[in-house]
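In case you want the letters, here they are:
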Amino acid sequence: MPELPFQLEFSRPEWLIALLVISLLVAGYLKSLVDLPKKQLRTSLVVRCVIVMLLVLSLAGLNLLSRGDDVFVVFAVDESMSLDEDAAFAAAAEFISAATEGMPEDRFAVLSFAAEPGEFAKQLAVRRDSADIDASSRRDIPADIATGSKSLRPGTDIAAAIEIAAAAVPPNYVPHVVLLSDGNETAGDALSAAASSGLRISTVPLPVRNDPELQLAAVNVPAQVAEGEPFTIEVIVTANHADIVRIDLFGGEFRIASELKSVQAGENRFPFTEQITEPTQYTASIRSPAVAADGAEYFNDTLLDNNTASGLVFVAGKPKILLVDSTPETTQNLVWALEEEGIAIDTRPPDGLPASVTELQNYDAVVLSNIPSTDLTVQQMTAIRSYVSEVGGGLIMLGGDQSFGLGGYQKTVVEEVLPVRCDFEKEKEKPGLALVLVIDKSGSMGGQKIELAKDAARAAVELLGVRDQIGVIAFDGSPVWVSELRPVTQRGAVTDRIAAIEPGGGTSMYPAMEQAFAALKATTARLKHVIVLTDGYSTPGDFAGITQDMVNERITVSTVGIGDTDQELLRQIAELGSGRYYYTDDPSSIPQIFAKETLTASKSAISEEPFLPQVMRASSVLANLDFEAAPFLLGYVVTRTKPTSEVILATESGDPLLAWWRYGVGISVAFTSDASSRWAAEWLTWDGFNPFWAQVVRYAVRKKESKGFVVDIARHGDLATISIDATQPDGEFLNGLDTRLQLISPQLATQSITLPQTSPGRYQSNIQLTEPGAWSLQLTQTRGSEILFRQTRGIVVGYSDELRLRPVNDELLQSLSSTTGGTFNVSPSNVFEPLPGDSAWRLIPLWPWLLSAALVLFVCDVALRRLDMSRVFGSELHRTHLRT
């Protein structure tokens, strides 16, 4: 059903109860003794009822509502300092003049705004609440805008302008706000204000200033560093033209750098390296160069208030490192170097490595120095992964003949964390390897054992190069060739046959070793190796003799024992066969053992030729280190980088030497050479040895905000949002914590603020930064009397965002228009056009008409009560007389 073009409404409907008076009038009529004609009395009753009804309707506030589509336009003009003063206000005046030409003065209003509403806007807000709005005084275009002479003010609060514009629209019109601005708001939330206003907002971009401008945009520093840790101070200079500036950098009251820098149009970043032992505020400024080399004039700058910026750095205590090494004496030089650089070291053997994340949290980083995966349990390696990815701990793996691929880390959870892969592309000039796997498939190997043994065999096949050969013998009571010795290029057929191995029968190892010997003796490969895997006791055989025969043919033998097995026999075979003996009671470690043994036997994962490290990428870790003067390293483990890792140092052949990446919330570092006398003998006397390792370790250590507590500070103008996300090592949210913020202003005024919990594990609050300068934030989270987290952060409030070089924010202006049904870059001719379906109710009070009608009827009622109108109304007796 279509909506009617008009409606009636009552503003005080409670007065309608007074219509009950009509019933009293009717009762009085029925009992009346007045000697007047009946028709005259009935007419008087009707008139009196109508009078009462008119009076009651007037008291009830009866109004007539009619539809209208007249548009009232509020032109909101930005007068902030980010605009080009002349061009912007000339454009605004021209637009408003064109849009309002021929329009009545009561159809539009103009307000100017910046960070705070101007006086004109305040008057609009006050007058909007009055019953009688002075239309002429608030509709005129202010003369200062019309002439383009308005003095710009700092700050842009579009949200406040929208709120005031909403108050300026009379209720009988369709509202339309036309925002003339560059869209670079520095306070408030324009999109939220627009969405809640219900207004149609169209936008007109105004030009930003284009005078020659140089701006020190920011001084980026880490929020917190370890004591003595080198870090980078990044000075960002923004310009709208090419120029030359002098950058002065101060640490506290002392100037620590003063350098001439060439800047290009756009953003320019200049790094400086520093280290501190106490909290320091770093301030950078730009100024004109004292002398120009070419005699030209430089430093073309319009605003000087935006030529300084600061950053605040706090200092944590000494980092604590866990160094895991089977032979601690080989890394003693590394321990001394780190201790001299202020890093605390705890050295342990592999079995001392904690198997839980809770214990690992006592350290800021873990260093694995030439530790094979077979010396670590699955629980220990899993704990390392969680420690890095979830708690933010650092992991550093050093090279050696028991590390990376040689340590059997391929396809382990530790390799998952590392920035390099532990396998490699085997070089063509490396000697070919013929490898025979002798695998026990007796009945006791059923279930998980045989499946892991098959996985290990398949992994060994994958690790071999194209010039290698592989054969697989499975034995129980008798040997069976699963796959005869063949080139690894046929690895698909080999792995398919490995998958078909099924357990069953007794344990007779000697015949299998004989067949392996016969096959390897017939091949021409330069390297020949046997790996024997068993979980039990074999029937007797001349094991010493067959092993010696293998050695005489330059065939090496390694053995792997699982659980209850003849360890003495297996150890003797490995020692006599110039191989290695492994024992494990954890079947899940079999793949690591096979991977380690395969790469060790192939002699392909290691390079022991002297080389000079090559710098691949500049980093603060390499600051103040002259690698052109660095001595040779004597060897490294061959690895492959992962796609997203960063290679900082490489070998002369291009293999990674120092690489890292972020894994979860932590950092993992790989150094494929070592820090001992085997490969780093010449480095031990290099004056860069100590700072290099200290800087690598400090880069990898857990940042204080990563101990399950992540602090985020987001600034928008003078409002800062402080958030803390608190989690346990297993990722579970920490809820119900008492979270407090001690806020210290630049004037040393202290304010205590409670951060309420806003979602699982998140505590958040907003703070107003009303003064320029350095603000200190001391964050504490407690549970009962236990302090779980404590950290000091800093915020430096500099010049207003209004002074920054920014282009017109078309994205915000378009969003404001699209979300409210307005038009971006609206044409002046369309400003007063209503949208289809747009209309507003216009209220017409009816009480004057009702009272006037009641007054006229009252006179009629008096006449009906006072005059004898028998001639008009007559009586029955009179009419009878006439008929006679």
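Quick question: what am I supposed to make of the packing of helix H1 (residues 21-30) against helix H2 (residues 38-59) here?
Pairs of packed helices are described in terms of their axes, by the angle between the two and the distance that separates them. Orientation of H1 relative to H2, taken along the N-to-C sense of each, is 165°, at an axis distance of 10 Å. On the basis of the axis angle, H1 is roughly antiparallel to H2. The hand of the H1/H2 crossing is right-handed. Between H1 and H2, the contacting residues are Val 21, Ile 22, Leu 25, Val 26 and Tyr 29 on the first element and Lys 38, Leu 41, Arg 42, Leu 45, Arg 48, Cys 49 and Val 52 on the second. Residues that form the contact of H1 with H2 fall into these classes: 9 nonpolar, no polar and 3 charged.

I tried to follow the sheet that holds strand E32 (residues 666-671) on my own but got confused; where do I start?
Through backbone hydrogen bonds, the strands of a sheet pair up, either in parallel or in antiparallel fashion. If you trace the 8 strands from one edge of the open sheet to the other, you get E16-E15-E17-E18-E32-E31-E30-E27, paired in mixed fashion. In the strand order of this sheet, the two ends are held by strand E16 (344-348) and strand E27 (614-615), each with one partner. Bridge count for strand E30 (residues 646-650) against strand E31 (residues 656-663) is 4 bridges, and the pairing is antiparallel. Within the sheet, the bridge partner assigned to Glu 646 lies in E31 and is Trp 660. Contacts from helix H9 (residues 332-340) reach strand E15 (320-325), E16 and strand E18 (394-398) within the one sheet, and its direction differs from that of E16 by about 155°. Against the sheet, helix H11 (residues 378-389) makes contact with strand E17 (365-369), E18, E31 and E32, and its axis sits at roughly 130° relative to E18, the strand it touches most.

Any chance you could explain the sheet that holds strand E13 (residues 280-287) here in plain terms?
Pairing within the open sheet is mixed, and its 5 strands lie in the order E8-E14-E13-E10-E11. Two strands bound the open sheet, and with one partner strand each, they are strand E8 (224-226) and strand E11 (254-263). Between one strand axis and the next, the sheet turns through 25° on average, direction left out of account. By the bridge criterion, 9 bridges tie strand E10 (residues 243-251) to E11 in an arrangement that is antiparallel. In the sheet register, Gly 251 faces E11, and the bridge partner there is Phe 254.

Help me understand the nonpolar core in this model?
Generally speaking, nonpolar side chains in soluble globular proteins are found buried as a group. Phe 627, Leu 658, Phe 671, Trp 683, Phe 692 and Trp 693 are the most contacted members of the largest nonpolar core, which totals 41 residues. Going through the elements one at a time, E15, H9, E17, E18, E30, E31, E32 and helix H19 (689-700) are the ones with two or more residues in this core. Among the elements that line this core, the one with the most residues is H19, at 7 residues. Filtering out sequence-adjacent residues up to four positions away, Phe 627 remains in contact with Pro 613, Val 615, Leu 622, Leu 649, Trp 683, Trp 686 and Phe 692.

What should I look at first to understand the pairing of strand E24 (residues 555-562) in this one?
Taken residue by residue, a regular strand's side chains alternate between the two faces of the sheet. With respect to burial, E24 is a largely interior element, 7 of its 8 residues being buried. In terms of strand pairing, strand E23 (residues 527-534) meets E24 through 7 bridges, oriented parallel. Each bridged residue has a counterpart across the sheet, and for Thr 534 the counterpart in E24 is Gly 561. The parallel pair E23 and E24 is bridged by helix H16 (residues 543-552), and the resulting crossover is right-handed.

Explain the environment of Leu 398 to me, please; I cannot follow it from the model alone.
Position of Leu 398 relative to the elements: it lies in strand E18. Using a relative accessible area of 1% as the deciding quantity, one classes Leu 398 as buried. In the structure, Leu 398 is positioned 259 residues away from Leu 657 in sequence and 9.9 Å away in space, judged by C-alpha atoms. Every residue in contact with Leu 398, bar those within four places of it in the chain, is listed here: Leu 334, Val 367, Leu 368, Ser 369, Asn 370, Ser 403, Phe 404, Phe 671, Ser 673, Ala 675 and Trp 693.

I would appreciate a short explanation of the pattern of salt bridges in the present structure.
When the charged atoms of two side chains lie near each other, side chains of opposite charge can form a pair. According to the stated counting rule, one finds 17 salt bridges in the structure shown. A salt bridge links Glu 608 to Arg 678; its shortest N-O distance comes to 3.0 Å. With Glu 608 in the loop between strand E26 (606-607) and E27 and Arg 678 in the loop between E32 and H19, the pair connects residues that are 70 residues apart, well separated along the chain. Linked through salt bridges whose partners overlap, the residues forming this network are Glu 234, Glu 267 and Arg 269.

Before we go on, may I ask you to explain helix H17 (residues 567-576) in this structure?
Because an α-helix completes one turn every 3.6 residues, residues spaced three or four positions apart along the sequence face the same direction. Among the residues of H17, those classed as buried are Leu 569, Leu 570, Ile 573 and Ala 574. Angularly, the buried residues of H17 cover 130° about the axis, an arc narrow enough to put them on a single face. Elements that come into contact with the buried residues of H17 comprise helix H15 (510-521), E23, H16, E24 and strand E25 (581-584). At the exit of H17 stands Ser 578, carrying a positive phi of roughly 55°.

Conventions and cut-offs
- Residues numbered from 1 in each chain as written.
- Predicted model: local features only at pLDDT ≥ 70, side-chain atom pairs only at ≥ 80, totals over all residues.
- Heavy atoms only, no water.
- Axes fitted to C-alpha atoms, helices over the stretch in contact; angles between N-to-C directions.
- Helix = DSSP H or I, 4+ residues; strand = E, 2+ residues; numbered from the N terminus.
- Parallel < 35°, antiparallel > 145°, perpendicular 65-115°, else oblique.
- Left-handed = near helix turned anticlockwise from the far one by under 90°.
- Contact = heavy atoms within 4.5 Å.
- Nonpolar A, V, L, I, M, F, W, Y, C, P; charged D, E, K, R; others polar.
- Pairing = 2+ DSSP bridges.
- Core = buried A, V, L, I, M, F, W, Y, C linked by side-chain atoms within 4.5 Å.
- Buried < 20%, exposed > 50% of the residue type's maximum accessible area, 1.4 Å probe, protein only.
- Right-handed = clockwise from strand over helix to strand, strands pointing away.
- Salt bridge = Lys/Arg side-chain N within 4 Å of Asp/Glu carboxyl O.
- Arc of directions from axis to C-beta.

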